[in-house]
Structure formats: C-alpha cells, structure tokens
Amino acid sequence: MTDKTPELVTLKQLCAELKVDPREARERLRAAARDAKKNPELAKMHKPRTPWQWMKGSAGEKEARALFAAKS
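These numbers were taken from a predicted model, which means no experiment stands behind them.

Asker: How should the overall build of the protein be read in this particular structure?
Answerer: Of regular secondary structure, the protein possesses four helices and two strands. Order of helices (α) and strands (β) in the protein, N terminus to C terminus: β-α-α-α-β-α. Whereas a compact globule of 72 residues would reach a radius of gyration of roughly 11 Å, the protein reaches 12 Å, a difference of no more than 12%. The C-alpha extent of the protein, read off along each of the three principal axes, is 40 × 25 × 25 Å. Contacts in the protein between residues far apart in sequence, at least 24 positions, make up 53% of those at least 6 positions apart. Carbon and sulfur atoms make up 55% of the accessible area of the protein, which totals about 5,400 Å². Taking the average place of the 17 positive charges on the side chains of the protein and the average place of its 10 negative ones, the gap between the two points comes to 3 Å.

Asker: Would you mind going over the pattern of salt bridges with me for this structure?
Answerer: When charged atoms on two side chains of opposite charge get close, those side chains can pair. In this structure the tally under the stated criterion is four salt bridges. Note that E24 and R28 form a salt bridge whose closest N and O atoms lie 2.5 Å from each other. Remark: R28 and E24 occur in helix α2 (residues 22–34); sequence separation between them is four residues, near one turn of the helix. We note a salt bridge from K44 to E41, for which the minimum N-O separation is 3.2 Å.

What counts, and where the lines are drawn
Residues numbered from 1 in each chain as written. Predicted model: local features only at pLDDT ≥ 70, side-chain atom pairs only at ≥ 80, totals over all residues. Heavy atoms only, no water. Helix = DSSP H or I, 4+ residues; strand = E, 2+ residues; numbered from the N terminus. Rg over C-alpha atoms; globule rule 2.2 N^0.38 Å. Contact = heavy atoms within 4.5 Å. Areas by Shrake-Rupley, 256 points an atom, 1.4 Å probe, with all protein chains shown as cover. Lys, Arg positive; Asp, Glu negative; His and termini not counted. Charge placed at Lys NZ, Arg CZ, Asp CG, Glu CD. Salt bridge = Lys/Arg side-chain N within 4 Å of Asp/Glu carboxyl O.

Below, the structure is given as structure tokens:
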C-alpha cells in the first residue's frame, strides 16, 4: 500500500535548512507576495493568517528558496 499524500515543505524546515531567521523570512515572504509580477507563485499561494508551506518541488517552493538565496 503506497501513501499518495503529497509532501509539504514548511517555512520552519526551509529556515533550518538555509539557516535563515524565521521572523526575517516571514517579512521577506510577505514583501515578495505583494509583488505579483516578480513572484507570481508566492502571491497566488499566500493567504493571511495561514502557515507558509509548499508542496515539495513546486514553483512556490522554488521561488521561496530563490528569495532566501538571493538575499543571504
């Protein structure tokens, strides 16, 4: 029996992996989500008062990783 639930990547996991402060990461993500032209996936996925999380390998996860890599 195989488990078909998609794997999620949380902001906490990304912060630990990339050694980014979670508070600073949330600020960067909120700012990036406001700029829909530069970060369309982050803008589309962001819902206020919900945790930041992405499907593993999704375009949103890639945008978040790029955001943290560019400003580290």
